[in-house]
Amino acid sequence: MESVSKTDGRIRGTTILAVRRGGQVAMAGDGQVTLNDGILKHHARKVRRIYNRKIIVGFAGATADALHLSERLEGKLERFNGNLTRSAVELARDWRTDKYLRRLEAMMIAADAEKLFLISGNGDVIEPDSGVLAIGSGAPSAQAAATALMEHTGLDAVEICKASMAIASRMCVYTNDSLTLETIAVS
């Protein structure tokens, strides 16, 4: 993950894209780690599986914050028997109201076989209408590309993620083309 610029309130420095299409959910994250104007690493893993490998999460923001939030979400999943909706809502509530958690600088996408959510520290738990969700500095490019590919091609979720992330990596200086990609079969 990356350093975060607070100058305009947007988290910068990565791109995470999730696509739900047909019988599959695919989530991809680039591998670039940026500190100020330098690249520190090219192959970081920003997309991971949690909760017995049944949930995929992707993060944009500060690494320690993102890992802490991942652990918190996994704890909620344990508490609520893998119910992603309930766990996401409880995490967002805690994140917004807890004095310590409010300071965390990250955003998260979480997906299972049934749901896809953006979770933020503002208390947001958003499920997209279109089956496409992106966060991070390259999100506008990745989401636009994925939306166009969803509407105008028959590509599957994995191919849409790969093509859209390639476009984002050419447009966002904080995003590279070294991807981590995880999939879940939709039940």
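The structure this text deals with has already been given above.
Residues numbered from 1 in each chain as written. Predicted model: local features only at pLDDT ≥ 70, side-chain atom pairs only at ≥ 80, totals over all residues. Heavy atoms only, no water.

**A word on the nonpolar core**
- Counting residues in each nonpolar core, the largest one holds 21 residues, and the members touching the most others are Leu 69, Leu 73 and Ile 119.
- Secondary-structure elements contributing two or more residues to this core are strand 6 (55–61), helix 1 (63–79), helix 2 (84–97), strand 7 (106–111) and strand 8 (116–119).
- With five residues, helix 2 is the single largest residue contributor to this core.
- In this structure Leu 73 touches Ile 50, Val 57, Ser 87, Ala 88, Leu 91, Met 108 and Ala 110, once residues within four positions along its chain are discounted. (Core = buried A, V, L, I, M, F, W, Y, C linked by side-chain atoms within 4.5 Å. Buried < 20%, exposed > 50% of the residue type's maximum accessible area, 1.4 Å probe, protein only. Helix = DSSP H or I, 4+ residues; strand = E, 2+ residues; numbered from the N terminus. Contact = heavy atoms within 4.5 Å.)

**Comments concerning unusual backbone geometry**
- Here Tyr 51, not a glycine, exhibits a phi torsion of approximately 50°, which is positive.
- Within the secondary structure, Tyr 51 sits in the loop between strand 5 (47–50) and strand 6.
- The phi angle at Asn 52 is positive, at roughly 55°, despite the residue not being glycine.
- Among the structural elements, Asn 52 can be located in the loop between strand 5 and strand 6.
- Given the relative accessible area of 58%, Asn 52 is considered exposed.

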